[in-house]
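# Notes for the structure review
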Amino acid sequence: MVARLTTDMATAQRTKKPAAAVPTAQGKGGQRLAAAFDAVNTLPALFETTARVAKLTEGEAASVSDIVGIVESDTAVAIAVMKAANNGGGPRGRVSNVPDAVEALTPAGVRTIAGSLHTYDLFQRVSSWARRPGRFRRHAITTRHAAECVADVADVAGRDELAAAALLHDIGQLVLMRLYPGYEVILGDRRATPEERVKQERRELGVDHTLVGGVLARRWGLPSVIASAIERHHSETATGLAAAVRLSDLIAHHAAGDMVSGEAMADAARRARAISAS
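First things first, this report covers the structure right here in the doc. In this convention, every chain numbers its residues from 1, walking through the sequence in written order. Note on the predicted model: pLDDT of at least 70 is required for a residue's local features to be given, and 80 or more for side-chain atom pairs to be given and counted; whole-chain, interface and lining totals, by contrast, use all residues. Side-chain numbers here rest on the full set of heavy atoms in the structure, without hydrogens or water.

We now examine the overall build of the protein. Only DSSP runs of H or I with at least four residues qualify as helices, and only runs of E with at least two residues qualify as strands; both kinds are numbered from the N terminus onward. Helices and strands together make up the secondary structure of the protein, namely 15 helices and two strands. Burial here depends on accessible area, computed with a 1.4 Å probe over protein chains only, as a share of the maximum for the residue type. Under 20% is buried, over 50% is exposed, and the range in between is partly exposed. Burial analysis of the protein (278 residues in total) assigns 54% to the buried set. Here, residues are in contact when the closest pair of their heavy atoms is within 4.5 Å. A sequence separation of at least 24 residues applies to 68% of the contacts in the protein between residues at least 6 apart.

The subject of this paragraph is the pattern of salt bridges. Pairs can form between side chains of opposite charge whenever their charged atoms are close. Salt bridges, as used here, are contacts in which a Lys or Arg side-chain nitrogen is within 4 Å of a carboxyl oxygen on Asp or Glu. Throughout the structure, instances matching the rule amount to 12 salt bridges. One salt bridge connects Glu72 with Arg144, and the closest N-O pair in it is separated by 3.8 Å. Pair noted here: Glu72 is in the loop between α4 (64–71) and α5 (75–86) and Arg144 is in helix α7 (residues 128–154), with a separation of 72 residues, a long-range link. Both residues of the pair, Glu72 and Arg144, count as buried. Among the salt bridges present, the one from Asp208 reaches Arg202, with a minimum N-O distance of 2.7 Å. Counted as one network, the salt bridges with shared partners bring together Arg246, Asp267, Arg270 and Arg271.

Now for the nonpolar core. For soluble globular proteins, nonpolar side chains are generally found buried alongside one another. Throughout, nonpolar core names a set of buried Ala, Val, Leu, Ile, Met, Phe, Trp, Tyr and Cys residues whose side chains join them through atoms within 4.5 Å. Core analysis: the biggest nonpolar cluster contains 76 residues, and Val81 and Ile171 have the highest contact counts within it. Broken down by element, the residue count for this core peaks at eight residues, all from α5. With residues near it in sequence (within four places) discarded, Val81 still touches Val71, Ala101, Val102, Leu105, Val110 and Ile113.

The buried count for helix α8 (residues 159–168) comes to eight of 10 residues, which makes it a mostly enclosed element. Burial in α8 covers these residues: Glu161, Leu162, Ala163, Ala164, Ala165, Ala166, Leu167 and Leu168.

Here we come to the packing of aromatic side chains. Aromatic rings in a pair are described by how distant their centres are and how their planes are angled relative to each other. Think of it this way: a Phe, Tyr or Trp ring, Trp meaning its six-membered ring, pairs with another when their centres are within 6.5 Å, and the plane angle makes it stacked under 30 degrees, edge-to-face over 60, tilted otherwise. Counted under the stated rule, the structure contains zero aromatic pairs. Between the NZ or CZ atom of Arg219 and the centre of the ring of Phe37, over which it lies, the distance is 4.2 Å. We call a charge positioned above a ring when the Lys NZ or Arg CZ atom is no farther than 6 Å from the ring centre and deviates by at most 35 degrees from the ring normal.

The angle between the axes and the distance between the axes are what describe a pair of packed helices. Between helix α11 (residues 194–205) and helix α14 (residues 240–255), whose axes approach to 11 Å, the crossing angle comes to 105°. It follows that α11 is roughly perpendicular to α14 by the angle criterion. Mapping the contact onto sequence places Pro194, Glu195 and Arg197 in α11 and Arg246, Leu250 and His253 in α14. Across the contact of α11 with α14, the residue classes break down as two nonpolar, one polar and three charged. To get an axis, a line is fitted to the C-alpha atoms, and for a helix only the part in contact is used. The angle between two axes follows their N-to-C directions and goes from 0 to 180 degrees. Between 65 and 115 degrees an angle is taken as roughly perpendicular, under 35 as roughly parallel, over 145 as roughly antiparallel, and anywhere else as oblique. Three classes are used: nonpolar for Ala, Val, Leu, Ile, Met, Phe, Trp, Tyr, Cys and Pro, charged for Asp, Glu, Lys and Arg, and polar for all others, with Gly counted as polar.

Following both chains from N to C, one finds α5 and α8 inclined at 120°, their axes separated by 10 Å at the closest point. In terms of orientation, α5 and α8 fall into the oblique class. For α5 against α8, the interelement crossing comes out left-handed. Side by side, α5 and α8 meet where Thr75, Ala78, Ile79 and Met82 of the first sit next to Ala164, Leu167 and Leu168 of the second. In terms of residue class, the contact of α5 with α8 is built from six nonpolar, one polar and no charged. The handedness criterion is simple: a crossing whose near helix is rotated anticlockwise from the far helix by less than a right angle is left-handed, and one whose near helix is rotated clockwise is right-handed.

Take Ala266: it is sitting in helix α15 (residues 262–277). Here Ala266 falls in the partly exposed class, since its relative accessible area comes to 32%. Between the alpha carbons of Ala266 and Leu247 there is a distance of 8.7 Å; along the sequence they are 19 residues apart.

Within the fold, His233 resides in the loop between α13 (224–231) and α14. Exposure remark for His233: the relative accessible area of 0% places this residue in the buried category. With residues up to four places along the chain from it excluded, the contact list for His233 reads His169, Asp170, His209, Thr210, Ala242, Val245, Arg246 and Asp249.

As a further point, take unusual backbone geometry. The phi torsion at Thr106 lies on the positive side, around 75°, for a residue other than glycine. Turning to its location among the elements, Thr106 is positioned in helix α6 (residues 98–115).

Below, the structure is given as structure tokens:
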């Protein structure tokens, strides 16, 4: 049934069907998929982040901008805050960035959400899965920082949406890691470029992390602008927000010493610059 859902995801990508059109999986395969989604739903946050949120929101005069800075420093906290802002007291998909989410939830609400998260310590000895959030967080934060530079140079509209999409762009990797034990071999192949790894995902798994990430973002009730940027951040024809995320991701990989195609980076830069000209 996981294979069936994979086929439906691929069909949804080709036909641009909304996530609601993807049928609910049943049976053992569906249980594995549900467990994978649940694992990402409960992604642990760095203990230091939740402690900083608690300290900053103790008083009544907490600065929203300071809270936003802390939330955007930890992908797990950002996910929890964005989900909460889009799933309570109003239509889903209405909040597309962290600043608006913090405003909607209030500092007290952010404090409650951060305090409810599972946490891990930076130097804690943990399992392979528990280590993954730390590696995921580091790349996400580096991509967000790169996105800030891209927004400055390309004069990208929707800087806050770009920051959110940059933080969440690889959430599909966490799902695939739970579903396929050998997936880390693909992720760990630093001789391949990001584009080559995505193609390998499609060959070996029948689906890639961008599509799975878009489906998960919509399940969380996040706006289409964020889900679409996640889905298309490895596309050679990416435009708009997705093009800026693609360039930011490539810059982050290059900064980490990963193999990156110069041609792909140049093309992404051209498309990112085209955003401000459009």
